[in-house]
Amino acid sequence: MTHSKLDLNLLVALDALLEEGSVGGAALRLHLSSPAMSRTLARIRKALGDPVLVRSGQAMVPTPRALAIRAEVHELVERAAAVFSPRDLDLAALERTFTLQADDSITAVVGPALLDRIRRDAPGAALRFLPEGPEDTSGLRDGRVDLEIGVIDGAPPEVRVEPLIEDQPVGVVRAGHPLLDGEPTVERFAAAEHLTVSRRGRLEGPIDERLAEHGLRRRVVASAPTFSSALLMLTMTDLVGRAGRRMHTSFLERFGLVAFDLPVEVPSPVIAMAWHRRYEADAAHAWLRRCVRGVVAER
């Protein structure tokens, strides 16, 4: 092993340690044993003359020196990875399955157009869609998921998040719903029975906070885990739901549902895509991201 190669290996290990914040996490990421990663950390500490990571309770925290060089280390590792990556991507010869994680309504809306574009440019590529779980998962970190699409909050530092569109929320009811007889004022809106959408089964959200500012409280009688299941429920009940004006228009038209402006102002969720930084210099993954970006922009 040459000295230059040894230095590059240490740089990659240092990047992993600073992103994962633990010896175990860095070992898993680099496919090393924990003892081997501990020995590598000892060599890094000796080379830098700094502890790099120090224990604080049950966790490891970076030293001021480590924080100061973190961005530079990551940039150097990315540039080194780009050197060894193919510059030209042969889409016609690409044979790869990309795994995407998204709410099933996003899959239904974006999936067909994305698949059409993927199959047209790279007929040997395939898409695997996974549903969102009730809790945040580590799919991006452990490599089970190539790309996540949806409302993404609290992403760890090793995950890149790119906003795609803001999707204004609107109220949704079945055609002929009593709320449509006249203006859906804030009082009439609050008096109706409501259906929420929540992966975790929450019955309250921003709408309830805004209604409280008017001294009003709505009655939420049910929650659904996904938008598509909620919209189906709305077709057969007098419940009031919500949807995204851009992402769910085709759903509303297909189900015969009617959208109306909410009588209270609530934040517009940002639909984004997220991926692990290990794919930053991956030409095929960058092409996938361009495809997703283009398809969502057409909504």
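Just so it is clear, the model here is predicted, and its values are computed rather than measured. (Residues numbered from 1 in each chain as written. Predicted model: local features only at pLDDT ≥ 70, side-chain atom pairs only at ≥ 80, totals over all residues. Heavy atoms only, no water.)

### A closer look at the overall build of the protein chain
Part 1 of the argument: What the protein chain contains, in helices and strands, is 11 helices and 12 strands.
Part 2 of the argument: C-alpha atoms of the protein chain, sized along the principal axes, occupy 80 × 50 × 25 Å.
Part 3 of the argument: Counting across all 299 residues of the protein chain, residues that qualify as buried make up 42%.
Part 4 of the argument: Carbon and sulfur atoms make up 54% of the accessible area of the protein chain, which totals about 15,800 Å².
Part 5 of the argument: A gap of 6 Å separates the mean positions of the 38 positive and 41 negative side-chain charges of the protein chain. (Helix = DSSP H or I, 4+ residues; strand = E, 2+ residues; numbered from the N terminus. Buried < 20%, exposed > 50% of the residue type's maximum accessible area, 1.4 Å probe, protein only. Areas by Shrake-Rupley, 256 points an atom, 1.4 Å probe, with all protein chains shown as cover. Lys, Arg positive; Asp, Glu negative; His and termini not counted. Charge placed at Lys NZ, Arg CZ, Asp CG, Glu CD.)

### Examining the pattern of salt bridges
Part 1 of the argument: Per the counting criterion, the structure on display carries 13 salt bridges.
Part 2 of the argument: In this structure, a network of salt bridges that share partners links the residues Asp 116, Arg 120 and Asp 121. (Salt bridge = Lys/Arg side-chain N within 4 Å of Asp/Glu carboxyl O.)

### So, the sheet that holds strand β11 (residues 257-260)
Part 1 of the argument: Ordered by their spatial adjacency, three strands build an open sheet running β10-β7-β11, and the pairing between neighbours is antiparallel. Only two strands of the sheet have a single neighbouring strand rather than two, namely β10 (241-244) and β11. For this sheet the average axis-to-axis angle between neighbouring strands, irrespective of direction, equals 45 degrees.
Part 2 of the argument: The pairing of strand β7 (residues 169-174) with β11 spans four bridges and is classified as antiparallel. Within β11, the residue paired with Val 173 across the bridge is Val 258. (Pairing = 2+ DSSP bridges. Axes fitted to C-alpha atoms, helices over the stretch in contact; angles between N-to-C directions.)

### Quick word on the sheet that holds strand β6 (residues 159-166)
Part 1 of the argument: Strand order in the open sheet made by the five strands is β4-β3-β5-β12-β6, with mixed pairing throughout. Either end of the sheet is taken by a strand with one partner, and the two such strands are β4 (126-131) and β6. For this sheet the average axis-to-axis angle between neighbouring strands, irrespective of direction, equals 20 degrees.
Part 2 of the argument: Where strand β5 (residues 147-150) lies against strand β12 (residues 270-276), three bridges are found, and the strand directions are antiparallel. Within β12, the residue paired with Glu 148 across the bridge is Ala 274.
Part 3 of the argument: Against the sheet, helix α5 (residues 104-121) makes contact with β3 (97-102), β4, β5 and β12, and its axis sits at roughly 175 degrees relative to β4, the strand it touches most. (Contact = heavy atoms within 4.5 Å.)

### Focus on the pairing of strand β1 (residues 53-56)
Regular strands place their side chains on alternate faces of the sheet.
Part 1 of the argument: As paired elements, β1 and strand β2 (residues 59-62) share four bridges and run antiparallel to each other. Across the sheet, the residue bridging to Val 54 is Val 61, located in β2.
Part 2 of the argument: A loop of two residues connects β1 with β2, the two strands running antiparallel in sequence, and Gly 57 in this loop sits at a positive phi of about 70 degrees.

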